[in-house]
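# An overview of the molecular structure
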Amino acid sequence: MEELFNLTYKEEVEELKEEDDFEALGDEKYLNHPDMEARLYWAFCRPNGSCEAQIQDSEPLVSIMAFNHSKLNAFKRFSLLHRDVVDKVDLRVKIKNRTRMLFRSLIDDDFKELNKVLQIVPVFLEVAVDQLKNGRKWNDIFADEIEASIFLNRAKEYVNEDFKEALFYKLKDISELTQDELKEHLTNLIEKKEKIDTLIKEHYKKEVEIYIEKSNLHLLQKMAIKKLVNELF
């Protein structure tokens, strides 16, 4: 970053900022500029964040700069990222902080986009696992059980008690559900049970047992819920 302030095109770009259509003019002048330094600096300066063409740049350093300064979603950024950045450790480290932030957001979601990203850049699996276990939780979106199962299978070499605890935390909390809501949730799980990992089904079984133990439900109602749980297996 310090080197950016000594680039040839800094003053030129600063002068262009006075124009009303600064971004459009910059795109026209620098997106396909023959000098890599010009494209690099424009990837840093573009007002609305780097665009797809910049992340796709043939020069890895430009791709890195654009990746870090883009506002595109994680899947799009990783899809466009220069292959050398993914394959080479010395380049990959230059997107480490942004990658960590992106995977924090992916983990906070329902895991659908997380799995899509990991399918195209599996080298970042360890980052995803680290963010699952150690990243801060920002929202209350629950992981889809099928997508969680896909992620669990992909990360099976990392599965330990800490991993399971963090993964289960991302699943729906049934403790505050009404009896009807619990039945509906279990019914939905049963419909897709063939695609749900056994660890996740066992987790729900334990949670239901705790739910029943703490509830004031009639014996027949408890038996009906237990029957639903058993249908998961």
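Notes on the structure in this doc start here.

The rules behind the values
Residues numbered from 1 in each chain as written. Predicted model: local features only at pLDDT ≥ 70, side-chain atom pairs only at ≥ 80, totals over all residues. Heavy atoms only, no water. Helix = DSSP H or I, 4+ residues; strand = E, 2+ residues; numbered from the N terminus. Buried < 20%, exposed > 50% of the residue type's maximum accessible area, 1.4 Å probe, protein only. Contact = heavy atoms within 4.5 Å. Polar contact = N/O pair within 3.5 Å; in protein donor to acceptor, adjacent residues only side chain to side chain. Lys, Arg positive; Asp, Glu negative; His and termini not counted. Salt bridge = Lys/Arg side-chain N within 4 Å of Asp/Glu carboxyl O. Patch = residues over 30% accessible without salt bridge, like charges linked within 9 Å, V, L, I, M, F, W, Y side chains within 5 Å. Areas by Shrake-Rupley, 256 points an atom, 1.4 Å probe, with all protein chains shown as cover. Charge placed at Lys NZ, Arg CZ, Asp CG, Glu CD. Core = buried A, V, L, I, M, F, W, Y, C linked by side-chain atoms within 4.5 Å. Phe/Tyr/Trp six-rings, centres within 6.5 Å; stacked < 30°, edge-to-face > 60°. Arc of directions from axis to C-beta. Axes fitted to C-alpha atoms, helices over the stretch in contact; angles between N-to-C directions. Parallel < 35°, antiparallel > 145°, perpendicular 65-115°, else oblique. Nonpolar A, V, L, I, M, F, W, Y, C, P; charged D, E, K, R; others polar.

Before going further, it helps to spend a moment on the environment of Arg-104. Its place among the elements puts Arg-104 in helix α9 (residues 96-108). A relative accessible area of 7% places Arg-104 in the buried class. As a C-alpha pair, Arg-104 and Phe-78 span 26 residues in sequence and 15 Å in three-dimensional space. Not counting residues within four places of it along the chain, the set of residues in contact with Arg-104 comprises Gln-131, Leu-132, Gly-135, Arg-136, Lys-137 and Trp-138. Reaching out from Arg-104, the side chain makes a polar contact with the backbone oxygen of Gln-131 at a distance of 2.5 Å.

Here we come to the side chain of Arg-92. As for its position among the elements, Arg-92 is in helix α8 (residues 89-92). Within the buried core, Arg-92 has no salt-bridge partner, and the shortest N-O distance to an opposite charge, that of Asp-87, equals 6.1 Å. Not counting the four nearest positions on each side in its chain, Arg-92 is found in contact with Val-85, Val-86, Asp-87, Val-123 and Phe-124.

Right, let's talk about the pattern of salt bridges for a bit. Under the counting rule described, the total for this entry stands at 12 salt bridges. A salt bridge links Arg-46 to Glu-23; the shortest N-O distance between them is 3.6 Å. One end of the pair, Arg-46, is in the loop between α3 (36-45) and α4 (52-55); the other, Glu-23, is in helix α2 (residues 22-30), with 23 residues separating them in the sequence. For Arg-46, a relative accessible area of 13% translates into the label buried. What makes Glu-23 buried here is its relative accessible area of 17%.

Glancing now at the environment of Pro-60. By the secondary structure assignment, Pro-60 is in helix α5 (residues 60-69). What makes Pro-60 buried here is its relative accessible area of 12%.

Quick look at a negative patch on the surface now. Negative charge collects at one region of the surface, where Glu-11, Glu-15, Glu-18, Glu-19, Asp-20 and Asp-21 lie side by side. Note on Asp-21: relative accessible area 41%, which makes it partly exposed.

A few words on the nonpolar core. Phe-78, Phe-103, Phe-111, Leu-114, Phe-151 and Leu-186 are the most contacted members of the largest nonpolar core, which totals 49 residues. Take this core: its biggest share by element is 5 residues, from helix α15 (residues 198-214). Once residues within four sequence positions are removed from consideration, Phe-78 is found in contact with Phe-67, Thr-99, Leu-102, Phe-103, Val-117, Ile-120, Val-121 and Phe-124.

A few words now on unusual backbone geometry. The phi angle at Phe-111 is positive, at roughly 85°, despite the residue not being glycine. As for its placement among the helices and strands, Phe-111 is situated in the loop between α9 and α10 (112-120). Residue classification places Phe-111 among the buried positions, given a relative accessible area of 0%.

All right, on to helix α12 (residues 145-154) then. Among the residues making up α12, those that are buried are Glu-145, Glu-147, Ala-148, Ser-149, Phe-151 and Leu-152. A distance of 3.0 Å separates the backbone nitrogen of Ile-146 from a side-chain oxygen at the start of α12, and that oxygen is part of Asp-144.

This part is about the packing of aromatic side chains. For the structure shown, the criterion picks out 10 aromatic pairs. Consider the rings of Phe-111 and Phe-151, whose centres lie 5.5 Å apart with planes at 80°: the pair is edge-to-face. Residue Phe-111 is located in the loop between α9 and α10, and its partner Phe-151 is located in helix α12; the two are separated by 40 residues in the primary sequence. Taking the relative accessible area as the measure of exposure, Phe-151 reaches 0% and is therefore buried.

Inspection of α2 places Phe-22, Glu-23, Gly-26, Asp-27 and Tyr-30 among the buried residues, and these make up the whole buried set. Each buried residue of α2 lies within a common arc of 130° when the element is viewed along its axis, so the set occupies one face. Considering only its buried residues, α2 is in contact with α1 (10-16) and α3.

When two helices pack together, their arrangement is given by the angle between the helix axes and the distance between those axes. Where α3 contacts α5, the two axes come as close as 8 Å, and the packing angle between them is 10°. The pairing of α3 with α5 is recorded here as roughly parallel in orientation. Residues Met-36, Arg-39, Leu-40, Ala-43 and Phe-44 of α3 form the contact with α5, whose participating residues are Leu-61, Val-62, Met-65, Ala-66 and His-69. Looking at the contact of α3 with α5 residue by residue, the class counts come to 8 nonpolar, 1 polar and 1 charged.

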